[in-house]
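Now for the letters of each chain:
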Amino acid sequence: MSDIPVFFLHGLAYAGLLFLVSAGLTLVFGMMNVLNFAHAAMYMLGAYFSYSIMLHATGQFWLSLMLCPVILFVIGGLIERFLLRRVHALGHVQELLLTFGLAYIITEAVKWFWGNYPIAINIPGVLNTTIQIFGITYPVYRLFILCCAVIVGLVMAIILFKTRLGIILRAAVNDSETVNTLGVNVPLVFLGVFAFGAALSGFAGVIAGPLLTIYPGMAQEILIDAFVVIVVGGFGSLGGAVIAALFIGELQSFGVLLFPKLSMALVYMLMAAILVIKPSGLFGEKQ
Amino acid sequence: MLEVKNIHSYYGKSHVLQGTSLDLKEGELVCLLGRNGVGKSTTLKSIMGVVNPNQGSICFNNQEIVGMKPFQIARLGIGYVPEDRRIFRSLTVHENLLMGIKGGKQKNAGTDDWTVDRVYKLFPNLKERKNSKGAYLSGGEQQMLTVVRTLLGNPRVILVDEPTEGLAPLIVKDVLDMLDTVRKSGVTILMVEQNFKAAIKVADRFYIMSKGKIVFEGNTEQLLAAEDIRRTYLEV
């Protein structure tokens, strides 16, 4: 079974991507109680924007890696400020419908602008190589994805647990209304978290591009896994998202190896099992 | 210092406040009494901007505050202590206290200001548990924490919603003593209570609400004398 380390690393790399997409999703859900169906659309936009940037400025992977999150931060901010906030007073169902509609609109727009077919993106030069690790030859690019996720995760953990902003964010996950009455501009916090989540998702899209082919269904595909991650990890819990992303990443990876026909079902079976044992998720607070 | 004039508030389609008026003078501890569902909590939420009144006016130090957001009203100097002891369950006691400090920086302007050190001196049990998660405190400790968290914002007025609800009689006394101490430190208090026997020990003045309106206003002697009002609007 010399494949085991390879599939383990594959699982880690996918877990990294999943974490980057789920982190914003879980924070937004924890605070605003909005399950954002358009979240993975930001991931897809990140991938397509990066494709266009690299098309026009040949091979500028690093440029798009810096630029795309900024563009998506702005798009996320606009969505929160001018769409979501207006619908907020009407209730959660309307908010859900809004993000659902947005996801469709963005998917159709992507088909319209970029075409309804898969596009392959080349792995940037320096990362397009392999190294020896655990006695196997492994592509550097997947390790790069993992590193990105670890760095982002550490920075987020420092912000959440070591700063005043982090205390506010965690308090808002518990009870945003009370945070508002204590003099914190909660609408601004919501705006920032939503925009930051979109930026992270876009960042994940940029680095996912060269690994997976990009196509208009890529948003739906990762969205399902990301939902499973936040359910299993517990809504609003960043630590839960890390652990659950690792679970799902490895399960997907080894599922393909061991039970190819069941690999999708395994994810749902894990989710069902967790929900039976602990309905609030691994690290979730009862609400 | 706080004047509520003829406000009307709705929860969805139900017309909860139907022209509520009351006022608070500096340094008073005023108690709002009444049965369940008459609009007491909604009155506090309307003052705080959590619920938006459709009609009427609320003036704080002669400034109209209807239409402002809760955080803006908090920054003007009104503190709100919600019912059900809404502490931040996954934050430590210390972090809960830090949340109360506006802008995150403790001003050390006056000796009367509430600071984390002063809170710990006054409530050593909170200091002992400063690194425990809020969820693990007892009901009484959670109530203390909710009140002092609001005090750390150094408000001029605090609105306290049912502070004694669900607490053991001994703890009720602690909480009321605490509110008395707070009032003596110069903070004006508007408190919602169901338990008038508890309230009468600390409050200066009383309002009784029924069906979204104020039906009685008076001091302790007047409330004690008005037996039929009590029977009609308070006793079960």
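Residues numbered from 1 in each chain as written. Chains lettered and ligands numbered in written order. Predicted model: local features only at pLDDT ≥ 70, side-chain atom pairs only at ≥ 80, totals over all residues. Heavy atoms only, no water.

*Asks:* Would you take a moment to explain the overall build of chain B for this structure?
*Replies:* What chain B contains, in helices and strands, is ten helices and ten strands. By the compact-globule yardstick of 18 Å for 236 residues, chain B fits well, its C-alpha radius of gyration being 17 Å. Out of the 236 residues belonging to chain B, those deemed buried represent 55%. Sequence-distant contacts, at least 24 apart, represent 67% of the contacts inside chain B between residues at least 6 apart. Of the accessible surface of chain B, which amounts to about 10,600 Å², a share of 48% is contributed by carbon and sulfur atoms. One way to put it: in chain B the 32 positive side-chain charges average out to a point 5 Å from where the 26 negative ones average out. (Helix = DSSP H or I, 4+ residues; strand = E, 2+ residues; numbered from the N terminus. Rg over C-alpha atoms; globule rule 2.2 N^0.38 Å. Buried < 20%, exposed > 50% of the residue type's maximum accessible area, 1.4 Å probe, protein only. Contact = heavy atoms within 4.5 Å. Areas by Shrake-Rupley, 256 points an atom, 1.4 Å probe, with all protein chains shown as cover. Lys, Arg positive; Asp, Glu negative; His and termini not counted. Charge placed at Lys NZ, Arg CZ, Asp CG, Glu CD.)

*Asks:* Where do I start with the overall build of chain A in this structure?
*Replies:* Counting secondary structure elements, chain A contains ten helices and two strands. Reading chain A from its N end, one meets helices and strands in the order α-α-α-α-β-β-α-α-α-α-α-α. In terms of C-alpha radius of gyration, chain A reaches 19 Å, essentially the compact-globule figure of 19 Å for 287 residues. In terms of principal-axis extent, the alpha carbons of chain A reach across some 55 × 45 × 35 Å.

*Asks:* Looking at this structure, I do not really get helix α10 (residues 263–277) of chain A. What am I missing?
*Replies:* Owing to its 3.6 residues per turn, the α-helix brings residues three or four apart onto one side. Residues and elements named next belong to chain A. With 15 residues, α10 extends 22 Å from end C-alpha to end C-alpha; this agrees with the ideal 21 Å at 1.5 Å per step. Turning to α10, its buried residues are Ser-263, Leu-266, Val-267, Leu-270, Met-271 and Ile-274. Summarising the axial view, the buried residues of α10 lie within an arc of 135°, below the 170-degree limit, and thus occupy one face. Structurally, α10 contributes buried residues whose contacts are with α8 (218–233) and α9 (238–258). (Expected span 1.5 Å × (residues − 1). Arc of directions from axis to C-beta.)

*Asks:* I'm lost on the interface of chain A and chain B in this one. Help?
*Replies:* Often the size quoted for an interface is simply the accessible area lost on bringing the parts together. Contacts between the two partners involve 19 residues from chain A and, on the opposite side, 24 residues from chain B. Carbon and sulfur atoms make up 57% of the area that chain A and chain B hide from each other, which totals about 2,000 Å². When residues of chain A are sorted by the area they lose upon contact with chain B, Arg-164, Thr-181 and Leu-182 of chain A head the list and together hold 31% of the total. Remark: the boundary between chain A and chain B carries three salt bridges. One salt bridge connects Arg-170 of chain A with Glu-95 of chain B, and the closest N-O pair in it is separated by 2.7 Å. (Buried area = accessible area lost by both parts, 1.4 Å probe. Salt bridge = Lys/Arg side-chain N within 4 Å of Asp/Glu carboxyl O.)

*Asks:* Explain the environment of Val-38 of chain B here, please?
*Replies:* All names here are of chain B. The residue Val-38 is located in the loop between β3 (29–33) and α1 (40–48) in this model. Residues Val-38 and Ile-208, spaced 170 residues apart in sequence, show a C-alpha to C-alpha distance of 9.6 Å. Discounting chain neighbours no more than four positions away, the residues touching Val-38 are Val-16, Met-209, Ser-210, Lys-211 and Gly-212.

*Asks:* What is the right way to look at the confidence of the model for chain B in this model?
*Replies:* A low pLDDT score tells you not to read the predicted coordinates there in detail. Residues with a pLDDT of 70 or more make up 96% of chain B, whose mean pLDDT is 89. For chain B, helix α8 (residues 196–199) of chain B is the element with the lowest average pLDDT, namely 82, and strand β8 (residues 188–192) of chain B is the one with the highest, namely 95. (pLDDT = per-residue confidence, 0-100.)

*Asks:* Looking at this model, I keep getting lost on the pattern of salt bridges. Mind explaining?
*Replies:* If the charged atoms of two oppositely charged side chains come close together, the side chains can form a pair. Residues and elements named next belong to chain B. Enumeration over the complete set of coordinates arrives at 15 salt bridges over all chains. For Glu-141, the salt bridge goes to Arg-129, with nearest N and O atoms at 3.3 Å. On the criterion of sequence distance, the pair formed by Glu-141 in helix α6 (residues 139–151) and Arg-129 in the loop between α5 (124–128) and α6 is long-range, its members being twelve residues apart. Since its relative accessible area comes to 14%, Glu-141 is described here as buried. For the salt bridge of Arg-205 with Glu-217, the shortest nitrogen-to-oxygen distance reads 3.0 Å.

*Asks:* I tried to follow the sheet that holds β3 of chain B on my own but got confused; where do I start?
*Replies:* Consider a sheet: its strands pair through backbone hydrogen bonds, and that pairing is either parallel or antiparallel. Residue and element names in this part refer to chain B. A sheet is described by the order of its strands in space; here six strands give the open sequence β6-β7-β8-β3-β9-β10, paired in mixed fashion. Both outer strands of the open sheet, β6 (78–81) and β10 (213–219), are each paired with one neighbouring strand and no more. For this sheet, the mean inter-axis angle between neighbouring strands, taken without regard to orientation, is 15°. Here four bridges tie β3 to strand β9 (residues 205–210), and the two strands are oriented parallel to one another. Within β9, the residue paired with Leu-33 across the bridge is Ile-208. Against the sheet, α6 engages β6 and β7 (157–161), with an angle of about 165° to β6. Most of the contacts of helix α7 (residues 169–184) go to β8, to which it runs at about 150°, and overall it touches β3, β7 and β8. (Pairing = 2+ DSSP bridges. Axes fitted to C-alpha atoms, helices over the stretch in contact; angles between N-to-C directions.)

*Asks:* What is the right way to read the side chain of Asn-96 of chain B from this model?
*Replies:* All names here are of chain B. Assignment of secondary structure puts Asn-96 in helix α3 (residues 93–100). Using a relative accessible area of 0% as the deciding quantity, one classes Asn-96 as buried. Here the side chain of Asn-96 touches Leu-91 through a polar contact of 3.4 Å, landing on its backbone oxygen. For Asn-96, the contacting residues outside a window of four places in its chain are Ile-87, Phe-88, Leu-91, Gly-134, Leu-145 and Arg-149. (Polar contact = N/O pair within 3.5 Å; in protein donor to acceptor, adjacent residues only side chain to side chain.)

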